[in-house]
Amino acid sequence: VQLMTDFAEKVTFSTLFSLSDITTLNFTPNPPFLKDLYHFESTRISRKIPNKHDFVTLLRFDPCISTNSVNPDTIFANNEMSLQDIEIYGFDYDYTLAFYSSHLHTLIFNIARDILITKHRYPEGLRKYEYIPNFAVRGLHYDVQKALLMKIDAFHYIQLGTVYRGLHPVPDEEVIAMYEGCHVPLENMSDFYGKSSHGHTMKQFMDIFSLPEMTLLSCVNDFFMKHNIDYEPVHLYKDVKEAIRDVHVKGIMYRAVEADIDKYICYGEQSQAVLNKLSEHGKKMFLITNSPLTLNRGMSYIVGKDWRDLFDVVIVQADKPSFFNDRRKYVCQCVALLWDRIHRLEKGQIYKQGNLYEFLRLTSWRGSKVLYFGDHIYSDLDLTLKHGWRTGAIIPELRKEIKIMNTEEYMHMMTWLQALTGLIEHMQVHRDPASSSVVQEWIREREAMMTKDIFNLRRHLHAQQSFPRRTPLQQGVSLFGLRQSCCPERLATGPQNQSRIK
C-alpha cells in the first residue's frame, strides 16, 4: 500500500494496489475518522502497466462534506506570536487602515492615461481604453526592454502561458526563443523592493496601487502595436511610471478621494472601535505612511475627528521604502512647517519624511514588542531581520484565493494532482519503453493541470502574520482581550518539520 497524501491530513487520499492484491487485501478504514467525512469510491485506471502489476487500481476517498475548508477571515501565522507581548502597534495607511473601493483603480488609470495624453503628448486615441479590473495581479514582472508582462516564480523561471505583450498572450515558443529558455538570470531581476534599476530589465509590481499601472502599460503597448507605431519600450515604461507617480505625489488621487470619500473609502467603523480598544489598554500606536497630509480627511472619516489623539506618532510622506534604509532625511513638523531637526516626537502632531533610524532613536521602540501592519510585501515588511519588529501583511487577494481553495473543484483537482504525482514517482523507476510512455503521458497531464487558472495562486508570504483583507483590528473587537496567540501549524513531512500557515 502506498499512501499518496498524508493520512493525518484527513483530506482526500489515494492508495495503490496491484490487481492481484485486491482480492486478498483486508483494508478497513477507521470508522471514527471516515464514517461521516468520506464515501468510498473505487475506480480503475484504464491503462495497461507493463510490469508485475497487471493493472493499477486507484482507491479514492472523496470528501462528501468539506470539513477542512479555510475561513477567509483566518489570521495566518508564519511564526508564533502572542499579542500579550505586543506593546506598540504600527500601521501603514493605504490598504491597511484605509481600504478603498474598486472605483479607485479606475480613477488612477483614467488620471494617469490623461496625463500621458496632455503632458507627454501621447495619441488621443488612448482615451478609448478603460481600466480592466481583472487583467493583472500583484507580483507580476514587466520586462522593460521587451515590453512584456509575465509571472516569474521564486526560482526565476518564467511561467509559460502568463506572458503578455499588450493585451494579448505571447506563444510559449516565442517566449522560449526570446529568453533562450524560461530562466531569467538574477542580474536581470529587479532589486529587493521591486524596482528596475542599475541595468535591471525586470520590474516587479508589488503594490496594490500598481494594478492600474500594469493595465495602463499593457493598453498603451496594445495601442501602438495596433496602429503600427514605432516606439521605444524603455521610454514608454518611464512615461507611464512618471504619470502614475504624478497621480500620487502631486496629490491628485487624494484630492479626488477627499472630494467623494463615500465612493472611494470603506471599512471605517471597525477600525475606530479597535483603535479605541488598543488605546484603552494602554498600547502605543504610530502611523507611518507615504500618503500626504490630506489623509487627515480620510482618517477623520474612518476613525473620527479626534483620530490624532489615538496615535503617539504620525508621519506622512515617509517615502517608503527609503524611509526604512535612508539615514539622511530628518523629520519636520508639518503643521508649523518647522524644518529644524526634531528632538522629540509629540503626540497629536503630524510629522513629514524622516527615516527609521531617527524614529528608533527618538522612540526607542525596538524588538519584538512592536507589531507593524502594512500591505507592501517588501517595503512595509522588511523589518523583522533588520530591527526585530513583528510584522503583519494585509493581503486582500487571499480572500478570493481561499474561496477557490475551498471549492469542491479545487479539492478534487488537487487530489488527482497528488495522485498523478504519486503514480509518476512510483512508475518512473521502470525504464522499458512501454512504462516510459505511460509515465510521459502522466507528466503531460500533470503539467497541463498546473497551468490551470485555479492553481495560479500566490506562494510567497514574507511577513510573520498574514491577513486576507482585514487586520485583527477589523476581525472584530472581541479579539482584543489582547491575549490571543497566533501559532503556525507544524507538519511532519520527512526529516524536518515544515511550517504551514494556519
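Residues numbered from 1 in each chain as written. Predicted model: local features only at pLDDT ≥ 70, side-chain atom pairs only at ≥ 80, totals over all residues. Heavy atoms only, no water.

1. Points about the environment of W442
Within the secondary structure, W442 is located in helix α15 (residues 433-450). Separated by 19 residues in the primary sequence, W442 and L423 have C-alpha atoms spaced 8.0 Å apart. (Helix = DSSP H or I, 4+ residues; strand = E, 2+ residues; numbered from the N terminus.)

2. With respect to the packing of aromatic side chains
Inspection of the entire model under this criterion finds 22 aromatic pairs. Considering the side-chain rings of F359 and W365, the 5.8 Å spacing of their centres and the 70° angle between planes classify their relative orientation as edge-to-face. Three or more aromatic residues joined by ring pairs make a cluster, and in this case those are F286, F323, F324, F359, W365, Y372 and W389. Across the ring face of Y179, the terminal group of K146 is positioned such that the distance to the ring centre comes to 4.8 Å. (Phe/Tyr/Trp six-rings, centres within 6.5 Å; stacked < 30°, edge-to-face > 60°. Lys NZ or Arg CZ within 6 Å of the ring centre and 35° of its normal.)

3. Topic: the pairing of strand β20 (residues 390-394)
Within β20, five of the five residues are buried, leaving the element largely enclosed by the surrounding structure. Side chains of β20 alternate between two faces, with R390, G392 and I394 and T391 and A393 buried alike. Taken together, the four bridges between strand β19 (residues 370-374) and β20 define a ladder with parallel strand orientation. Note that in β20 the partner of F373 across the bridge is G392. (Buried < 20%, exposed > 50% of the residue type's maximum accessible area, 1.4 Å probe, protein only. Pairing = 2+ DSSP bridges.)

4. Focus on the nonpolar core
One finds F91, Y100, L104 and F311 to be the most contacted residues of the largest nonpolar core, which totals 70 residues. When residues of this core are assigned to domains, at least three fall in each of domain 2 (88-100 + 280-394) and domain 3 (112-258). Membership of the second largest hydrophobic core comes to 18 residues, among which are I288, I315, L356 and L360. (Core = buried A, V, L, I, M, F, W, Y, C linked by side-chain atoms within 4.5 Å. Domains from an automatic or database assignment.)

5. Focus on the side chain of K283
Here K283 lies in the loop between α9 (269-280) and β15 (284-288). Despite its burial, K283 pairs with no opposite charge, the nearest such side chain being E87 at 7.0 Å. Among the polar contacts made by the side chain of K283, one reaches the main-chain carbonyl oxygen of I86 at a distance of 2.8 Å. (Lys, Arg positive; Asp, Glu negative; His and termini not counted. Salt bridge = Lys/Arg side-chain N within 4 Å of Asp/Glu carboxyl O. Polar contact = N/O pair within 3.5 Å; in protein donor to acceptor, adjacent residues only side chain to side chain.)

6. Side note on unusual backbone geometry
Of note, the phi angle at Q317 is positive, near 45°, even though the residue is not glycine. For Q317, the position within the fold is in the loop between β16 (313-316) and β17 (331-333). Non-glycine residue S364 carries a positive phi angle of around 60°. Looking at where S364 falls in the secondary structure, it is placed in the loop between α11 (356-363) and β19.

7. Comments concerning α11
Here α11 has its buried residues at L356, E358, F359, L360 and T363. Phi turns positive, to about 60°, at S364, one or two residues after α11.

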